[in-house]
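Residue-level structural notes
Letter by letter, the chains look like this.
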Amino acid sequence: MKKVIVVCIMICLALCGQASAASLSPTDDAYVLSKYPTTVTGNSETFSIGATAASGYIRTFLKFDLTGYTNIESATLWLYNFYGATGTPVTVSVYSASNAWSETTLTYNNQPAYSGAPVNATLGITGGWFSWDVGSLAQAAAGNQLSLAMIMQLGGYGSQNFYSDEYTGNIALRPYLDVTAAAPVPEPATMLLLGLGLAGIALARKSKKRS
């Protein structure tokens, strides 16, 4: 009996401790332009990050729903750059931002505050997939909404152009967040109950075979 219980508990621990991975689409994404401070761009199939004479400073904001993820181990933001940079490679920084915004109302004038240490990535003059390791930002927002502000570092000029979640072409090129979360390990009392329940099922089957 004891051996059966121990085996059942070990099986439960192995199953409950497994990590799960998911690719999350943004619930909101939009960019803002300093030269057009009241323009709403949330319905655009693309967004940009940078600084240009035509648009001024351009910042992009993305929001992801992490309410179902409380034990985040890692998170990587992926964006597809369909055009490449203008001029030399530039560094784009990702900051944690306030969740008080929506893509249907976001403008440069009402953009959310952002703060903390940035996560940087250098983007070249050619397009393709680029990623940012935002694990620390996702862990801080675990169980809540995660908002990210993307800004070109000072000194950079030109724009980086990406497909948004509204892109209707190849949907595989839309932005996403890769999240890996560990399943929570139940408390000892819960594990004991699970073990006893499985043990009871095992013994019942064994008795049935004998009869």
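Conventions adopted
Residues numbered from 1 in each chain as written. Predicted model: local features only at pLDDT ≥ 70, side-chain atom pairs only at ≥ 80, totals over all residues. Heavy atoms only, no water. Buried < 20%, exposed > 50% of the residue type's maximum accessible area, 1.4 Å probe, protein only. Helix = DSSP H or I, 4+ residues; strand = E, 2+ residues; numbered from the N terminus. Pairing = 2+ DSSP bridges. Polar contact = N/O pair within 3.5 Å; in protein donor to acceptor, adjacent residues only side chain to side chain. Contact = heavy atoms within 4.5 Å. Phe/Tyr/Trp six-rings, centres within 6.5 Å; stacked < 30°, edge-to-face > 60°.

1. Let's talk about the pairing of strand β3 (residues 46-52)
For β3, a buried count of six out of seven residues is recorded, marking the element as mostly surrounded by other parts of the structure. Pairing of β3 with strand β10 (residues 158-163), which is carried by six bridges, proceeds in the antiparallel orientation. Note that in β10 the partner of T46 across the bridge is Y163. Of the pairings in the sheet, the one linking β3 to strand β4 (residues 56-65) comprises three bridges and is antiparallel in character.

2. Comments concerning the side chain of Q111
Mapped onto the fold, Q111 is located in the loop between β6 (90-97) and β7 (114-123). Of note is the side chain of Q111, whose polar atom sits 3.1 Å from the side chain of R59. In this structure the side chain of Q111 is engaged in a polar contact, spanning 3.0 Å, whose partner is the backbone oxygen of Y108. Among all residues touching Q111, those that are not within four sequence positions of it are V32, R59, F61 and L106.

3. Notes on the packing of aromatic side chains
Taken as a whole and assessed by the stated rule, the structure comprises nine aromatic pairs. When the centroid spacing of 5.9 Å and the interplanar angle of 35 degrees are considered together, the rings of F47 and F162 count as tilted. In this pair, F47 sits in strand β3 while F162 sits in strand β10, placing the two residues 115 residues apart along the sequence. Classification of F47 as buried rests on a relative accessible area of 1%.

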